[in-house]
Amino acid sequence: MRLRPSMVVLHRWFGLAVALFLFVSGLTGAVISWDHELDAWLNPQLFHAASGTEAGVAKSGLELARQLEAQDPRLRVNYTLTAIEPGHTALLSVESRLDPATGKPFEPGFNQVAIDPVTGAIQGTRQWGVVSLTRENLLPFLYKLHYTMHIPDGWGIELGVWLMGIVGIVWLFDCGIALYLSFPNWRSWRKSLAFRWREGGHKLNFDLHRSGGVWVWLLLLVLAVTSVSMNLQTQVMRPLVAKFSTLSPNAFDSRTPQPPEKPIEPLLTREQAVALAKTEAARRGWTLPAGGVFYSSSYGLYGVGFFEADNDHGDGGLGNAWLYFDGRDGKPAGGVVPGTGSAGDIFLQAQFPLHSGRILGLPGRILISAMGLVVAMLSATGLVIWLRKRRARMRQAEKTPTQEAPARPLHANFSK
């Protein structure tokens, strides 16, 4: 009996601490489940080629990357698809090279470039993740808001990423507390699953918060765990999982990232990296094509993903397979092959597919979008419950008469 009051206090303060963040994250999560479709609808110039589907022979992503770097020496293409869907642009991710005059990266003002694969013409550019509500930047803005709240970095730390990771940890513990509090009396457990729709008002608000959370509790738990993994996998989740399962070496964890002023220049071209990956894929018996290639100048690694041109987002299952190679000598640096490795490896592979719902394809994305609205609703109803109880306590305090010390009799000062 003594445990419940303590759990009530913890649930109250945990909920108040994370309510605003979860409300925003829930609403943005409901939207970004469809970020690619909405982004293409808002910004056709970035996704649909002006040349159409039958205007000529499309260049490969590798060729377009070479062309862009030749046109603008300030840029290095750090990600491109190898094959482009018919009628679509090649949306290349770029980073700045160092300015020889200053020793610092150039500032072109954009990090994505959309190119017509037939004509080679640049159809648009944008800075992904910038704080802006323009059509070009709206979806990236919401996406980054979802997991960083757009809190700027400081002291070499991704403060927004850490904050939302900690919010996820608090949320995870609060999920357990909330389930415990939802069943105060096991004999009347049905009340914890019911909704008083006809009564409305505060009673319905309470039921939406309590019963609504119970009905989707397992999904809330999955979202809480995966949110920690998304933001703090290296710092928290991977070390924790390693205590229970052997993990395969991670190509990035074994290397020290370099700052933007000291990028690791590759000695291999993208074409050579893709050729190495294709050879290794053939040795492994893979049949999917090499669909995309990235280069990380901070780690000195190439990554080559294997997927069809229309599945670069990895819809369905545990996502796409990737192979990594050292950018200077071409030595294999590991990879991520969905569904293989230890139990811990597969658990970590499942984190993004679970969090995004893509593990179940389209039905999973619909479910996660709905869950985003549920998370926002639970945050709002919890805040309403707290405000109502707070007002009730304040009114009760005002009604309680102040107890004053009884007056001393006048003769008391004169008595001996």
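Anyway, here's the lowdown on the structure attached to this text.

Conventions and cut-offs
- Residues numbered from 1 in each chain as written.
- Predicted model: local features only at pLDDT ≥ 70, side-chain atom pairs only at ≥ 80, totals over all residues.
- Heavy atoms only, no water.
- Helix = DSSP H or I, 4+ residues; strand = E, 2+ residues; numbered from the N terminus.
- Rg over C-alpha atoms; globule rule 2.2 N^0.38 Å.
- Buried < 20%, exposed > 50% of the residue type's maximum accessible area, 1.4 Å probe, protein only.
- Contact = heavy atoms within 4.5 Å.
- Lys, Arg positive; Asp, Glu negative; His and termini not counted.
- Charge placed at Lys NZ, Arg CZ, Asp CG, Glu CD.
- Salt bridge = Lys/Arg side-chain N within 4 Å of Asp/Glu carboxyl O.
- 1 Å grid on protein atoms, 1.4 Å probe; cavity = no way out; pocket = protein on both sides within 12 Å on 5 of 7 lines; lining within 4 Å.
- Points joined across faces, edges and corners; volume = space filled by probe spheres on them.
- Nonpolar A, V, L, I, M, F, W, Y, C, P; charged D, E, K, R; others polar.
- Bend = angle between axes of the 7 residues up to and from the residue.
- Expected span 1.5 Å × (residues − 1).
- Patch = residues over 30% accessible without salt bridge, like charges linked within 9 Å, V, L, I, M, F, W, Y side chains within 5 Å.
- Areas by Shrake-Rupley, 256 points an atom, 1.4 Å probe, with all protein chains shown as cover.
- Pairing = 2+ DSSP bridges.
- Axes fitted to C-alpha atoms, helices over the stretch in contact; angles between N-to-C directions.
- Parallel < 35°, antiparallel > 145°, perpendicular 65-115°, else oblique.

### Observations concerning the overall build of the protein chain
Okay, step 1: Across its full length, the protein chain carries 12 helices and eight strands.
Okay, step 2: Whereas a compact globule of 416 residues would reach a radius of gyration of roughly 22 Å, the protein chain reaches 28 Å, over 25% beyond that.
Okay, step 3: Once the C-alpha set of the protein chain is aligned to its principal axes, its extents read approximately 105 × 55 × 45 Å.
Okay, step 4: Classification of the 416 residues of the protein chain by burial places 41% in the buried group.
Okay, step 5: For the protein chain, contacts bridging at least 24 residues in sequence account for 60% of all contacts bridging at least 6.
Okay, step 6: With 40 positive and 32 negative side-chain charges, the protein chain shows a separation of 18 Å between the mean positions of the two kinds.

### Some details on the pattern of salt bridges
Okay, step 1: Scanning all chains against the criterion turns up 17 salt bridges.
Okay, step 2: We note a salt bridge from arginine 365 to glutamate 37, for which the minimum N-O separation is 2.8 Å. Placement of the pair is arginine 365 in helix 12 (residues 362-399) and glutamate 37 in helix 2 (residues 35-42), with a sequence separation of 328 residues.
Okay, step 3: Each of Glu69, Arg76, Glu95, Arg97, Glu265 and Arg270 takes part in salt bridges that share partners, so that together they form one network.

### Here's the deal with the layout of surface pockets
Okay, step 1: Considering only enclosed or pocket space, the second largest pocket measures out at about 850 Å³ in volume.
Okay, step 2: Surrounding the second largest pocket, 33 residues form its lining, His11, Asp174, Ala178, His209 and Gly382 being those nearest its centre.
Okay, step 3: Of all the secondary structure elements, the ones that give two or more residues to the lining of the second largest pocket are helix 1 (3-32), helix 6 (159-181), helix 7 (201-215), helix 8 (217-242) and helix 12.
Okay, step 4: Among the residues forming the lining of the second largest pocket, the class breakdown is 20 nonpolar, seven polar and six charged.

### Focus on helix 1
Residues lying three or four places apart along an α-helix face the same way, a consequence of the helix completing one turn every 3.6 residues.
Okay, step 1: Along its length, helix 1 shows its largest kink, about 50°, at alanine 19.
Okay, step 2: Listed as buried for helix 1 are Met7, Val18, Ala19, Leu22, Ser25, Gly26, Thr28, Gly29, Ala30 and Ile32.
Okay, step 3: Packing partners of the buried residues in helix 1 comprise helix 2, helix 5 (138-148), helix 6 and helix 12.

### Points about helix 7
Okay, step 1: A rise of 1.5 Å per residue sets the reference length of helix 7, with its 15 residues, at 21 Å; its end C-alpha atoms lie 20 Å apart and thus fit the reference within 8%.
Okay, step 2: Maximal helix bending in helix 7 amounts to about 25°, located at leucine 208.

### Brief notes about a nonpolar patch on the surface
Okay, step 1: Residues Trp155, Ile157, Trp162 and Ile166 make up a contiguous nonpolar surface patch of roughly 480 Å² in combined accessible area.
Okay, step 2: Assignment of secondary structure puts isoleucine 157 in the loop between helix 5 and helix 6.
Okay, step 3: By relative accessible area, which is 36% here, isoleucine 157 ends up partly exposed.

### Thoughts on the pairing of strand 2 (residues 90-96)
Okay, step 1: Of the pairings in the sheet, the one linking strand 1 (residues 75-81) to strand 2 comprises four bridges and is antiparallel in character. Paired with valine 77 across the strands is valine 94, a residue of strand 2.
Okay, step 2: Across four bridges, the pairing between strand 2 and strand 3 (residues 112-115) is antiparallel. When the sheet's bridge partners are listed, serine 93 is paired in strand 3 with glutamine 112.

### Some points on the packing of helix 8 against helix 12
Okay, step 1: Put simply, helix 8 and helix 12 touch, their axes get as near as 11 Å, and they point 95° apart. Classified by the angle between their axes, helix 8 and helix 12 sit roughly perpendicular to one another. Counting all contacts with helix 8, which are made through Leu219, Leu220 and Leu223, the residues of helix 12 involved are Leu367, Ile368, Met371, Val375 and Leu378.
Okay, step 2: Its residues placed into classes, the contact of helix 8 with helix 12 shows eight nonpolar, no polar and no charged.

These figures come from the coordinates and say nothing about function on their own.
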